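The residues making up each chain are set out below.
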Amino acid sequence: SRFDPTVVIELLPGLLEVLPSVPESIRTEVERVITQVWENYFPIGEPIDMALCVALLLSAIQRFPEAVQMLEISVDEHPTSAPVAFSMAVARRGMRDLHGARDWVNRALALDPVFAEARTLRAILADDLAGAGV
């Protein structure tokens, strides 16, 4: 596909299903490909949030610091997006930044109070923070 962002968007749901279970050697290659796809991306006003798509893929392969970098771009472009805030919470939790994750999940819920996954994550983070003695 020559690192075509359109192909990645089409394959995104399937990739998000399989990537968490691939071995580390494959994750390294996926990270390289995702980076190249992002470098090939040129926004032309399409409705898709490519930075979020890239961040989701990076989170799926547990490249949380890199996912946070992409999510910062997405937050700048979509500051009122509950899914972006939620994704940032997930990535921050993956980095073990529990306070940051809590702040982001609270932001997601402020933007969308009925966001079920965010409510679940908030409860998990409360347990994480209690278990950490924080």
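Refer to the structure presented above.
For clarity, every value in this text was computed on a predicted model and none was experimentally measured.

Asker: Explanation requested: unusual backbone geometry in the structure shown.
Answerer: Leave glycine aside and you will find that most residues have negative phi; peptide bonds, for their part, are mostly trans. Although it is not a glycine, Phe3 adopts a positive phi angle of roughly 60°. With respect to the element layout, Phe3 can be found in the segment before α1 (5-18). In this structure Phe3 comes out as partly exposed when scored by relative accessible area, which is 28%. Backbone geometry places Gln62, a non-glycine residue, at a positive phi of 60°.

Asker: Could you clarify how one ought to interpret helix α6 (residues 98-111) in this entry?
Answerer: At 3.6 residues per turn, the α-helix brings residues three or four places apart onto the same side. With 14 residues, α6 should reach 20 Å at 1.5 Å per residue; the first-to-last C-alpha distance of 20 Å fits that figure. Regarding α6, the residues found buried are Leu98, Gly100, Ala101, Trp104, Val105, Ala108 and Leu109. Structurally, α6 contributes buried residues whose contacts are with α4 (64-77), α5 (82-94) and α7 (116-131).

Asker: Is there a simple way to think about the nonpolar core in this case?
Answerer: Most often, soluble globular proteins keep nonpolar side chains buried together rather than apart. Of all hydrophobic cores here, the largest spans 42 residues; its most connected members are Leu19, Ile34, Met50, Leu58, Leu71 and Ala118. Considering each element in turn, this core owes the most residues, nine residues, to helix α3 (residues 50-60).

Asker: Can you walk me through the pattern of salt bridges in this structure?
Answerer: Oppositely charged side chains are able to pair whenever their charged atoms sit close together. Under the definition given, this model contains six salt bridges. With a closest N to O distance of 2.9 Å, Arg63 and Glu31 form a salt bridge. Highlighted residues: Arg63 in the loop between α3 and α4 and Glu31 in helix α2 (residues 24-40), separated in sequence by 32 residues. With its nearest N and O atoms 3.8 Å apart, the salt bridge here joins Arg92 to Glu72. One end of the pair, Arg92, is in helix α5; the other, Glu72, is in helix α4, with 20 residues separating them in the sequence. Residue class for Arg92 comes out buried when judged on its relative accessible area of 18%. Its relative accessible area of 40% is what places Glu72 among the partly exposed residues.

Asker: Help me understand the environment of Gly100, please; the structure alone is not making it clear to me.
Answerer: Among the structural elements, Gly100 can be located in helix α6. Measuring from C-alpha to C-alpha, the distance between Gly100 and Ser1 comes to 37 Å, with 99 residues separating the pair along the chain.

Asker: Explain the side chain of Asp49 to me, please; I cannot follow it from the model alone.
Answerer: Topologically, Asp49 is positioned in the loop between α2 and α3. Buried within the structure, Asp49 lacks any salt-bridge partner; Arg107 is the closest side chain of opposite charge, at an N-O distance of 12 Å. Among the polar contacts listed, one links the side chain of Asp49 to the backbone nitrogen of Ala51, at a separation of 3.3 Å. Looking at Asp49, its side chain comes within polar contact range of the side chain of Ser74, at 2.4 Å.

Asker: Would you mind going over the packing of aromatic side chains with me for this structure?
Answerer: To describe a pair of aromatic rings, you give the distance between the ring centres and the angle between the ring planes. Applying the stated criterion to the full structure yields two aromatic pairs. Note on Phe86 and Phe115: the rings are 5.1 Å apart at their centroids and 40° apart in plane angle, and the pair reads as tilted. A residue pair is termed long-range when its members are at least 10 positions apart, and Phe86 in helix α5 and Phe115 in the loop between α6 and α7 qualify at 29 residues.

Asker: Honestly, the packing of α5 against α6 in this entry has me stumped. Any pointers?
Answerer: Packed helix pairs are specified by the crossing angle of their axes together with the interaxial distance, meaning the distance between the axes. Following both chains from N to C, one finds α5 and α6 inclined at 165°, their axes separated by 8 Å at the closest point. Relative to α6, the element α5 lies roughly antiparallel. Crossing geometry of α5 relative to α6 is assigned as left-handed. Contact with α5, carried on its side by Ala82, Ala85, Phe86, Met88, Ala89, Arg92 and Arg93, involves Leu98, Gly100, Ala101, Trp104, Val105, Arg107, Ala108 and Leu111 of α6 and no other residues of that element.

Scoring rules and cut-offs
- Residues numbered from 1 in each chain as written.
- Predicted model: local features only at pLDDT ≥ 70, side-chain atom pairs only at ≥ 80, totals over all residues.
- Heavy atoms only, no water.
- Helix = DSSP H or I, 4+ residues; strand = E, 2+ residues; numbered from the N terminus.
- Buried < 20%, exposed > 50% of the residue type's maximum accessible area, 1.4 Å probe, protein only.
- Expected span 1.5 Å × (residues − 1).
- Contact = heavy atoms within 4.5 Å.
- Core = buried A, V, L, I, M, F, W, Y, C linked by side-chain atoms within 4.5 Å.
- Salt bridge = Lys/Arg side-chain N within 4 Å of Asp/Glu carboxyl O.
- Lys, Arg positive; Asp, Glu negative; His and termini not counted.
- Polar contact = N/O pair within 3.5 Å; in protein donor to acceptor, adjacent residues only side chain to side chain.
- Phe/Tyr/Trp six-rings, centres within 6.5 Å; stacked < 30°, edge-to-face > 60°.
- Axes fitted to C-alpha atoms, helices over the stretch in contact; angles between N-to-C directions.
- Parallel < 35°, antiparallel > 145°, perpendicular 65-115°, else oblique.
- Left-handed = near helix turned anticlockwise from the far one by under 90°.

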